[in-house]
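# Remarks on the overall topology
Each chain, written out:
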There are 2 protein chains.
Amino acid sequence: MATKTDYLFRIEPQDVDFTQRAKISSIMTMILNTAGLDADSKNFGIEYLNKNNHSWVLSRMSLEIDFRPPQYSMCKISTWVNEYERLLSTRNFTLELENGDSFARAVTQWAIIDLNSRTAINLSQHGLSENGTLVNEPSPTTKAIRIGNITPTKTKKYEVVYSDIDFNKHANTVSYIKIALDMLPIAFFENENKIRLDMHFIRECHLGEILSINSDIRNNQAHFEIQREDNSVAFRAFLNISY
Amino acid sequence: MATKTDYLFRIEPQDVDFTQRAKISSIMTMILNTAGLDADSKNFGIEYLNKNNHSWVLSRMSLEIDFRPPQYSMCKISTWVNEYERLLSTRNFTLELENGDSFARAVTQWAIIDLNSRTAINLSQHGLSENGTLVNEPSPTTKAIRIGNITPTKTKKYEVVYSDIDFNKHANTVSYIKIALDMLPIAFFENENKIRLDMHFIRECHLGEILSINSDIRNNQAHFEIQREDNSVAFRAFLNISY
């Protein structure tokens, strides 16, 4: 049995929005960087999988934020894996400030894909359940909920550009939610209380592709769907903010 | 007389492009964060100026990059001010890796504006030449060159969104160059040798404004001009890459 591991981050000037508090996308970046560092340090990360031409891919994520920390805050992220299903592993995160105040938590579900066939493989192939990486501690919140088709009330075209892409020349994970949240009136983030965000990462988007960003915004809730040029859905999200 | 001051940064996963090396915009972010930290630590930064409803504004910047460091590199930025003219002060930067290898340098020119009238004020009003902040050391390269009108060969519309804005709800300094470089074929950044970038920050752009990003790209050079809705020029840049 493993134990939780802690990582430290600082909220830098480029991480905050016009309210001078960390953007949701910056909090997601901290979380995903933690996942990468932790998996690599325990020898079941991208580095290890790439040797077999496999890679981790984020499939679903739930994120709850109680408050967004101000610029220059020091944050501690604790992470642990508590489940290996046939195709998905569950990695958890809790986020707190230096003084111990908890401000966010997340549950992520990851698949391993074969980089040639781009399909998910059975996790048992890597013997992850038996490698001592599981931590016997429940997830800090519920997994991402199901999100169905939406009837968009607002649509915008978006071209995947240089700043969005990773080493595969695919739009990186955080760019989906950044592009989606840029559709909202900024009043959403002026004085919000708690945030809950559920996300499904369904397909990859490529450099130069013209995406349709569809949204259905009602009061303090928003559904998002990102469609590729071939009309297939690449990403879905549901945002719920309390004021 | 003051001395140079050093700041440390790490190239994080969100700072690199598809080549896994630091983006130009990330290097600019490190440089501008350094300027803010150094000025605040010596009591002539935004915090001090805001008391008089004044603020520093970046007017021009030259940036030379010999090579872009890979992910997780530790970088040391040294900074010093070596000139106060009537309206512009000159702040310099040299960037090196942990092993002492120099990889970039920059010269920035800053004005102080009155936040009500949005006009530049005479620097002597704050007695900066006499406050012991000058360092008697030449700039590490030439200041930004003059950049005239361009005849664009490619134009793109761009709406200023939530992710681009600072606390004033203006597009932040780095967003201009990010938007401009997103116009280039990514081959520009695949195997480049040295980079020289000259930038003029002329006017502010506001949330929701639809900008025209004009470019004239020839071989290994590119001119950029960002125009606001009223056709006034907000930003100009000249990029020169050697291969």
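A short tour of the structure in this document, coming up. (Residues numbered from 1 in each chain as written. Chains lettered and ligands numbered in written order. Predicted model: local features only at pLDDT ≥ 70, side-chain atom pairs only at ≥ 80, totals over all residues. Heavy atoms only, no water.)

## A closer look at the environment of glycine 100 of chain B
All names here are of chain B. Position of glycine 100 relative to the elements: it lies in the loop between strand 4 (89–97) and strand 5 (102–114). According to the relative accessible area criterion, glycine 100 is partly exposed, its value standing at 37%. Residues glycine 100 and leucine 197, 97 residues apart in the sequence, show an inter-C-alpha distance of 23 Å. (Helix = DSSP H or I, 4+ residues; strand = E, 2+ residues; numbered from the N terminus. Buried < 20%, exposed > 50% of the residue type's maximum accessible area, 1.4 Å probe, protein only.)

## What about the pairing of strand 8 (residues 195–201) of chain B?
Residue and element names in this part refer to chain B. Here strand 8 lies mainly inside the structure; seven of its seven residues are buried. Both faces of strand 8 are covered, namely the face carrying Ile195, Leu197, Met199 and Phe201 and the face carrying Arg196, Asp198 and His200. Pairing geometry for strand 2 (residues 54–65) and strand 8, over six bridges, is antiparallel. Pairing of methionine 61 across the sheet is with methionine 199, part of strand 8. (Pairing = 2+ DSSP bridges.)

## Considerations on the interface of chain B and chain A
Chain B puts 26 residues into the contact, and the matching count from chain A is 26 residues. For the pair chain B and chain A, the two sides together bury roughly 2600 Å², of which 59% comes from carbon and sulfur. The shortest N-O distance in the salt bridge between lysine 169 of chain B and glutamate 190 of chain A comes to 4.0 Å. On the surface where chain B and chain A come into contact, there are six residue pairs in polar contact (both at pLDDT 80 or more). Those elements that provide at least two residues to the side of chain B that touches chain A are helix 1 (24–41) and strand 7 (154–159) of chain B. Of the residues forming the side of chain B that touches chain A, the biggest block, three residues, is contributed by helix 1 of chain B. Considered class by class, the residues forming the side of chain B that touches chain A number 11 nonpolar, five polar and 10 charged. (Contact = heavy atoms within 4.5 Å. Buried area = accessible area lost by both parts, 1.4 Å probe. Salt bridge = Lys/Arg side-chain N within 4 Å of Asp/Glu carboxyl O. Polar contact = N/O pair within 3.5 Å; in protein donor to acceptor, adjacent residues only side chain to side chain. Nonpolar A, V, L, I, M, F, W, Y, C, P; charged D, E, K, R; others polar.)

## Things to note about the pattern of salt bridges
All names here are of chain B. Overall, the coordinates contain 41 salt bridges over all chains when judged by the stated rule. A salt bridge links arginine 105 to aspartate 66, with the shortest nitrogen-to-oxygen separation between them at 2.6 Å. Taken together, the positions of arginine 105 in strand 5 and aspartate 66 in the loop between strand 2 and strand 3 (74–84) put the pair 39 residues apart, joining distant regions of the chain. The exposure class of arginine 105 is buried, given its relative accessible area of 13%.

## What to know about the packing of helix 1 of chain B against helix 3 (residues 173–181) of chain B
Residue and element names in this part refer to chain B. Running from N to C, helix 1 and helix 3 cross one another at 170°; their axes reach a closest spacing of 9 Å. It follows from the interaxial angle that helix 1 and helix 3 lie roughly antiparallel. Residues Ile24, Ser25, Met28, Thr29 and Leu32 of helix 1 pack against Thr173, Val174, Ile177, Lys178 and Leu181 of helix 3. Tallied by class, the residues present in the contact of helix 1 with helix 3 amount to six nonpolar, three polar and one charged. (Axes fitted to C-alpha atoms, helices over the stretch in contact; angles between N-to-C directions. Parallel < 35°, antiparallel > 145°, perpendicular 65-115°, else oblique.)

## A word on the relation of the copies chain B and chain A
Its rotation angle being 180°, the transformation that places chain B on chain A also includes 0.0 Å of axial translation and leaves an RMSD of 0.0 Å. Such a combination of turn and shift is consistent with a two-fold rotation axis. No C-alpha of chain B lies nearer the rotation axis than that of tyrosine 158 of chain B, which sits 5.0 Å from it. Interface overlap between copies is the fraction of interface residues in one copy that are interface residues in the other; for chain B against chain A it reaches 100%, indicating a shared surface. (Least-squares fit on C-alpha atoms with pLDDT ≥ 70 in both.)

## Focus: the packing of aromatic side chains
Within the structure shown, the criterion is met by 16 aromatic pairs over all chains. Between phenylalanine 201 of chain A and phenylalanine 235 of chain A, the ring centres sit 5.2 Å apart and the planes meet at 45°, which makes this aromatic pair tilted. Here phenylalanine 235 of chain A lies in strand 11 (residues 233–241) and phenylalanine 201 of chain A lies in strand 8 (residues 195–201), a separation of 34 residues in the sequence. Each member of the pair, phenylalanine 201 of chain A as well as phenylalanine 235 of chain A, carries the same accessibility label: buried. Ring centres 6.1 Å apart and planes at 75° place the aromatic pair tyrosine 176 of chain B and phenylalanine 201 of chain B in the edge-to-face group. On the criterion of sequence distance, the pair formed by tyrosine 176 of chain B in helix 3 and phenylalanine 201 of chain B in strand 8 is long-range, its members being 25 residues apart. For the pair formed by tyrosine 176 of chain B and phenylalanine 201 of chain B, the shared burial category is buried. Members of the aromatic cluster, joined through ring pairs, are Phe18, Phe188 and Phe189 of chain A together with Tyr162 of chain B. The ring of tryptophan 80 of chain A carries the charged tip of lysine 4 of chain A above its face, separated from the ring centre by 4.1 Å. (Phe/Tyr/Trp six-rings, centres within 6.5 Å; stacked < 30°, edge-to-face > 60°. Lys NZ or Arg CZ within 6 Å of the ring centre and 35° of its normal.)

## Some thoughts on helix 1 of chain B
Along its 18 residues, helix 1 of chain B runs 26 Å from first to last C-alpha, staying within 8% of the 26 Å computed at 1.5 Å per residue. Of all the 18 residues making up helix 1 of chain B, 14 are buried; the element is thus mostly covered by neighbouring parts of the structure. (Expected span 1.5 Å × (residues − 1).)

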